[in-house]
Amino acid sequence: MDNKIMKSWSSRKAVLFLEKRKEVECLEVKINREIRDYTESMFFGLSLRQFFFSLVACGVAVGLYFLLRPHVGMETVSWMCVLGAAPFAALGFVKYHGMTAEQFLWAWIKSEFLIPKRLVFRPENMYYETLKTNIEKREKEGLKRHDKNTK
């Protein structure tokens, strides 16, 4: 066994060189810059979540087709299917501030309906609060001087 393994790291790829006697084989593995961005592809290059929402979108499109076909024309039905399925397909791929669509929807519902708050702005001047006694003292002195000058 005179196999040698050499590793070469670049910014985004790990390259393994396997040396068997006089032959050199190159194996290239892609690495994400951020490890949390890694998604495992399960079906057709999609993650399980993306695949599930794609199936839901297809189901909605088929349901809309059979529901609307007797009532409107074929072209209108096809547009209704596309428009009806698009939100469900988008849910599988959308990320906003690192949250998936359902996490974002739950955070929005919590912030708007479950934990409503009335925010009131009350300015607070820390500089004034720390020097309040000195300011009041000087104002009283100023009023006393003013009273003496007016008499």
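Scroll up a little and you will see the structure.
Peer 1: Whenever I open this one, the nonpolar core confuses me. Can you help?
Peer 2: Burial of nonpolar side chains together is a common tendency in soluble globular proteins. Formed by Ala57, Ala61, Val77, Cys81 and Ala85, the largest nonpolar core amounts to 5 residues. Those elements that provide at least two residues to this core are helix H1 (48-68) and helix H2 (74-91). Ranked by residue count, the leading element in this core is H2, at 3 residues. If we ignore the near neighbours within four places in the chain, the residues touching Val77 are Tyr65, Leu68, Arg69 and Val72.

Peer 1: How should I be thinking about a positive patch on the surface in this particular structure?
Peer 2: Taken together, the side chains of Lys140, Lys144, Arg145 and Lys148 present a region of like positive charge at the surface. Here Lys144 shows up in helix H5 (residues 132-150). The exposed category is assigned to Lys144, whose relative accessible area is 57%.

Peer 1: Sorry if this is basic, but what is going on with the side chain of Thr100 here?
Peer 2: Residue placement: Thr100 occurs in strand E5 (residues 99-100). On the basis of relative accessibility, which here comes to 13%, the residue Thr100 falls in the buried class. If we ignore the near neighbours within four places in the chain, the residues touching Thr100 are Arg49, Val94 and Lys95.

Definitions and limits used
- Residues numbered from 1 in each chain as written.
- Predicted model: local features only at pLDDT ≥ 70, side-chain atom pairs only at ≥ 80, totals over all residues.
- Heavy atoms only, no water.
- Core = buried A, V, L, I, M, F, W, Y, C linked by side-chain atoms within 4.5 Å.
- Buried < 20%, exposed > 50% of the residue type's maximum accessible area, 1.4 Å probe, protein only.
- Helix = DSSP H or I, 4+ residues; strand = E, 2+ residues; numbered from the N terminus.
- Contact = heavy atoms within 4.5 Å.
- Patch = residues over 30% accessible without salt bridge, like charges linked within 9 Å, V, L, I, M, F, W, Y side chains within 5 Å.
- Areas by Shrake-Rupley, 256 points an atom, 1.4 Å probe, with all protein chains shown as cover.
- Salt bridge = Lys/Arg side-chain N within 4 Å of Asp/Glu carboxyl O.
- Lys, Arg positive; Asp, Glu negative; His and termini not counted.
- Charge placed at Lys NZ, Arg CZ, Asp CG, Glu CD.

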